[in-house]
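If you want the building blocks of each chain, they are given just below.
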Amino acid sequence: METTMKTALEDFRLETRKWLEENCPASMRTPVKDSGDFFWGGRNATFQNEDQKIWFEKMLEKKWIVPYWDTKYGGGGLSDAENNILTQEMTRLGCRKPIFSFGISMLGPALHKFASEEQKMRFLPEITAGKTWWCQGYSEPNAGSDLAGLQTKAEDKGDHYLINGSKVWTSYADKSDWIFCLVRTDFDAPKHNGISFLLIDMASEGVSTRPIKLISGKSPFCETFFDNVKVPKENLIGTLNDGWTIAKYLLTHERQMIGGVGETDVRRELHEIAKENLPLRDGTLADPVLRSEIAVQGMNDSIFEMTIQRIMDEAKTGVNAGALSSFFKYYGTEQNVSRMELLTAITGSDGLVWESENEDAKVQARLFCRSKGNTIEGGTSEIQLGIISKRILNLPS
Amino acid sequence: MALILNEEQKMLKDSANEFLAMNAPVEQFRSLRDNNYQAFDEELWQEIVEMGWTALTIPEEYNGLDFGYVGLGQVMEEMGKSLTKAPLFSSIVLAGTALVNSTNQGLKSTWIPALMNGTKRLAFAQDEQSYFDPSNIATTAIETAEGYVINGHKKMVVDGAGADGFVVVAKTDEGEVGLFLVDANCKGMAITTEVLLDAGTYAQVEFKDVNVGSSQRICETGKGDELLNLINNTAAICLAAEMLGMITEAFGQTVAYLQERQQFGKRIGTYQALQHRAAKLFCEIELCKSIVIKALQGLDESAVNLDELASLAKAKLGETIKIVTNEAMQMHGGIGVTDDVNIGFYFKRARVAQRLFGDYNYHLDRCARLNGY
């Protein structure tokens, strides 16, 4: 029995490899430079080039936009084992994701867990078809670290909710079709118990956006304003006033993404870059201080990777790893920030170029600036340390 | 391989924990120290032999359990928690590794059963300086008609006092290191002991024209460097496992103290200044757990990158044990620097453990060299 299963999986691997080799255009097997290289889908979907279109359509036809979702929602219906094989083979060939979508990575899991079947049938197939570009509406100008203090108001008007307020850090809100939002539906309840999870069409009357420029120059972030926006009641996900449960679930997900869990991109080793850029003496880096900083970074990078594997292995045996998402988020982003700082030291003045005729030359300084946001977005490092001390170490409040 | 213990390894860990809590709690460490720095308790050592811990890494052909280093690592970790003093590290991890990987059948068949049964024990004599530097061995073993003449001075020999013999690292005429098994009662040897700040006794051994037979050479010409490297890797990884036990225990006691100690009418664990420091330690300890099990598995699988795993383990644990024991002292406040509580034992043992078989700097440097920079 087990042997038959193994053979079937091996066949699947070979078929998958062959199919990917035949169908993934060569230019879709090169690393993405930045988010501009992604296809984002949506109502007004635009492809950057012909290959991107071919690749998306091939994968859509194969139902592999979301290969592991149920076929009734337009997914590929692959088992975990098959999906792992597909991911491995795509990584091996360097295939890009056919689409980058918060609908897949963020909203989808929440809908699977909390939405009614009717809602799932309404929203999930649009995601698997790449037809809806979703963005997230969580933070507000006065609700950052204290997210549960959010004030965007949803008033019950009988057949609809009336929304007033504003959201901030809404990535790609200016390009998105829909937003999943946390709104306050009860102002008298304790702050965690008056929040609901609502889906809002960005084309609704009264919705407007304004882009935010970051220290890195540009950014996908926006502010989003709701001025007497009417939202049908059937767009409420889960139980009224219990949206915080969904929010927590999604935040756990987001922390793991930002912390780099499940990331398959192969980053170049810092010491390799250092050897290309800096003088050596007797086969070691001539700058002893930088050398030891790179060694510390390398040590913690590789052991952090092992830790992700260990905790995932433990989770498979039933150990609850939920609270550990704060550890992943904290440690992963702190590592990334220190890596970018070191990269800047290693590349010297080349790494400081802001504007240049050579587009590639100006990437690093901007990525460096962007990295400063990593330890803030998705819950600051301090918020994560607070969660660890209270939920894991049981330190008193 | 999944980075988790299997059922048998878990059972071993649990039984070690239970046994040590019953038979070798930290109070025993204190009483041994107060009893003129006694190296270990003979009775406990015999019980440890009966538990089978000395047989865990011994192959079946010598009636060992061949259970592997992941298993032995769990025992080391539990011993670290209770600061158990026993010659398991010196006689099994160090000398045992030398003999199990020896090419000398005569020595193997005599000594492996004796070590495993606890009837005899051996110590490992490598260090010559105040720092760890296995690539600069000054002790010499000059070949003669009957065997070798050994000259040199060794220090930091763990459990050297009272050992039946020594595994001695010496430079041979061929310019490589050779390992020699030297009986403790050989002529020309002078053994003195010192107590270090962890209350452990460490020997200095003087070799003055010590004659050993050619049958005492542990491994054949051309294999010495490789064997020494394996012993040092094994030592670093097993010490890292012991250090993990010390770290988790010292941290656990500190968190418990934050939960109960009151000042300004509040438990001090309510203060964010302390909460965040404790949470950061938690994160570092999560990393420690991962590299320890990964490196122990590497020993069992003879991983191709064992050098790097060993150095990552000893470097990371060396870094973390320093931070954790320092924070443990600080967070315990005044009581922490008294001899009345146990937390200071962990602080002191940490300093010796991190020095043995290469400190943080040594292993971080080795990681860099292994990666070609």
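Since the model is a prediction, treat every value here as computed from it, not as a measurement.

Q: Quick one: what's the story with the overall build of chain A, residue by residue and with numbers?
A: Regarding its fold elements, chain A presents 11 helices and 10 strands. Relative to a compact globule of 397 residues, whose C-alpha radius of gyration would be 21 Å, chain A shows 23 Å and is just as compact. For chain A, with 397 residues in total, the buried portion stands at 37%.

Q: Now, about the overall build of chain B: what can you tell me, with residues and values included?
A: In terms of helices and strands, chain B carries 11 helices and 9 strands. Considering only C-alpha atoms, chain B reaches an extent of 80 × 45 × 40 Å along its principal axes. Residue burial in chain B is summarised as follows: out of 373 residues, 51% are buried. Considering only contacts within chain B whose residues lie at least 6 apart along the sequence, 74% involve residues at least 24 apart.

Q: Help me get a handle on the packing of helix α8 (residues 288–316) of chain A against helix α9 (residues 306–332) of chain B, residues and values and all.
A: Packing of α8(A) against α9(B) leaves a shortest axis separation of 11 Å and a crossing angle of 100 degrees. It follows from the interaxial angle that α8(A) and α9(B) lie roughly perpendicular. The residues of α9(B) that touch α8(A), namely those facing Met299(A), Ser302(A) and Ile303(A), are Leu312(B), Ala315(B) and Lys316(B). Residue classes in the contact of α8(A) with α9(B) are distributed as 4 nonpolar, 1 polar and 1 charged.

Q: Explain the domain arrangement of chain B to me, using residue names and the numbers behind them.
A: Residue and element names in this part refer to chain B. With domains assigned, chain B is organised as domain 1 (7–116), domain 2 (122–216) and domain 3 (224–370). For domain 1 and domain 2, the distance between their C-alpha centroids amounts to 23 Å. Contacts between the two partners involve 13 residues from domain 1, matched on the other side by 14 residues from domain 2. At the level of secondary structure, the elements contributing two or more residues to the side of domain 1 that touches domain 2 comprise α5 (88–100) and α6 (105–116). In terms of residue count, α5 provides more of the side of domain 1 that touches domain 2 than any other element does, 6 residues in total.

Q: Could you give an account of unusual backbone geometry, naming the residues involved and the relevant values?
A: Phi angles above zero are rare outside glycine, and Tyr172(A) is one such case at about 60 degrees. With respect to the secondary-structure elements, Tyr172(A) resides in the loop between β3 (160–168) and β4 (178–184). Taking the C-beta count within 10 Å as the criterion, Tyr172(A) has 22 such neighbours and is therefore assigned buried. One non-glycine residue, Met156(B), lies in positive phi territory at about 55 degrees. Structurally, Met156(B) can be placed in strand β3 (residues 147–158).

Q: How would you summarise the nonpolar core if you had to cite specific residues and measurements?
A: With 147 residues, the main nonpolar core has Val167(B), Phe180(B), Ala240(B) and Ala313(B) as its most contacted residues. If one sorts the elements of this core by residue count, helix α7 (residues 224–260) of chain B sits on top with 20 residues. When residues no more than four places from it in sequence are discounted, the contact partners of Phe180(B) are Ala141(B), Tyr148(B), Ile150(B), Val168(B), Ala170(B), Val212(B), Gln216(B), Arg217(B) and Ile218(B). In terms of nonpolar packing, the next biggest core, distinct from the first, is built from 62 residues, Ala173(A), Trp178(A), Phe180(A) and Ile237(A) among them.

Q: Account for the packing of helix α4 (residues 69–82) of chain B against helix α8 (residues 272–301) of chain B, naming residues and giving values.
A: All names here are of chain B. Relative to each other, α4 and α8 sit at 140 degrees, their axes nearing to 8 Å. With respect to α8, the element α4 is oriented oblique. Contacts from Tyr69, Val70 and Gly73 of α4 reach α8 at Val292, Ile293, Leu296, Gln297, Leu299 and Asp300. Here the contact of α4 with α8 is composed, by residue class, of 6 nonpolar, 2 polar and 1 charged.

Q: Provide a residue-level description of the domain arrangement of chain A, including the pertinent values.
A: Annotation of chain A at the domain level lists domain 1 (2–100), domain 2 (134–242) and domain 3 (259–392). Relative placement of domain 1 of chain A and domain 2 of chain A: their C-alpha centres are 32 Å apart.

Q: Requested: an account of the pairing of strand β5 (residues 177–183) of chain B, with residues and values cited.
A: Residues and elements named next belong to chain B. Counting buried positions along β5 gives 6 out of 7 residues, so the element sits mostly inside the fold. Taken together, the 7 bridges between strand β4 (residues 165–172) and β5 define a ladder with antiparallel strand orientation. Looking at β5, one finds that Gly165 is bridged to Asp183. The turn joining β4 and β5, which pair antiparallel and follow one another in sequence, is formed by 4 residues; a positive phi near 90 degrees is taken by Gly175.

Q: Outline the interface of chain B and chain A, listing residues and values.
A: Each partner contributes to the interface: chain B provides 32 residues, whereas chain A provides 36 residues. Secondary structure elements with two or more residues in the side of chain B that touches chain A: α7, α8, α9 and α11 (360–370) of chain B. Sorting elements by how many residues they give to the side of chain B that touches chain A places α8(B) first, with 14 residues.

Q: I'd like a rundown of the confidence of the model for chain A, residues and numbers included.
A: Per-residue pLDDT for chain A averages 92, and the proportion of residues at 70 or more is 96%. Taking the mean pLDDT of every element in chain A, the minimum, 83, falls on helix α6 (residues 243–258) of chain A and the maximum, 98, on strand β5 (residues 195–201) of chain A.

Q: Give me the pairing of strand β6 (residues 189–195) of chain B: which residues, what numbers.
A: Residue and element names in this part refer to chain B. In terms of strand pairing, β6 meets strand β7 (residues 201–213) through 7 bridges, oriented antiparallel. Following the sheet pairing, Ile191 is matched in β7 by Val205. If you look at the hairpin formed by β6 and β7, you'll find 5 residues sitting between the two strands, and Ala199 has a positive phi there, around 70 degrees.

Q: How would you sum up helix α10 (residues 343–355) of chain B? Please name residues and give values.
A: Residue and element names in this part refer to chain B. The end-to-end C-alpha distance of α10, which contains 13 residues, comes to 19 Å, matching closely the 18 Å that a straight helix rising 1.5 Å per residue would cover. For α10, the full list of buried residues reads Ile343, Phe345, Tyr346, Phe347, Arg349, Ala350, Ala353 and Gln354. Check the buried side of α10 and you find it contacts α2 (26–34), α7, α9 and α11. Looking one or two residues past α10, Phe357 carries a phi angle of roughly 55 degrees, positive in sign.

Q: A description of the environment of Phe12(A) should follow, citing residues and the corresponding values.
A: Residues and elements named next belong to chain A. Checked against the element boundaries, Phe12 lands in helix α1 (residues 2–23). Since 17 C-beta atoms lie within 10 Å of it, Phe12 is described here as partly exposed. Taking the C-alpha atoms as reference points, Phe12 and Trp69, 57 residues apart in sequence, are found 18 Å from one another. When near neighbours in sequence (up to four residues on either side) are disregarded, Phe12 contacts Glu82 and Ile85.

Q: Requested: an account of α4(B), with residues and values cited.
A: If you check α4(B), its first and last C-alpha atoms are 20 Å apart, about what 14 residues at 1.5 Å a residue would give, namely 20 Å. Once α4(B) ends, the next one or two residues include Leu83(B), with phi positive near 55 degrees.

Q: Describe the environment of Leu199(A), listing the residues and the values that go with them.
A: Considering the arrangement of structural elements, one finds Leu199(A) in strand β5. Along the primary structure Leu199(A) and Trp134(A) are separated by 65 residues, whereas in three dimensions their C-alpha atoms are 9.6 Å apart.

Cut-offs and rules
- Residues numbered from 1 in each chain as written.
- Chains lettered and ligands numbered in written order.
- Predicted model: local features only at pLDDT ≥ 70, side-chain atom pairs only at ≥ 80, totals over all residues.
- Helix = DSSP H or I, 4+ residues; strand = E, 2+ residues; numbered from the N terminus.
- Rg over C-alpha atoms; globule rule 2.2 N^0.38 Å.
- Buried ≥ 20, exposed ≤ 12 C-beta atoms within 10 Å, placed from the backbone.
- Contact = placed C-beta atoms within 7 Å.
- Axes fitted to C-alpha atoms, helices over the stretch in contact; angles between N-to-C directions.
- Parallel < 35°, antiparallel > 145°, perpendicular 65-115°, else oblique.
- Nonpolar A, V, L, I, M, F, W, Y, C, P; charged D, E, K, R; others polar.
- Domains from an automatic or database assignment.
- Core = buried A, V, L, I, M, F, W, Y, C linked by C-beta atoms within 7 Å.
- Pairing = 2+ DSSP bridges.
- pLDDT = per-residue confidence, 0-100.
- Expected span 1.5 Å × (residues − 1).

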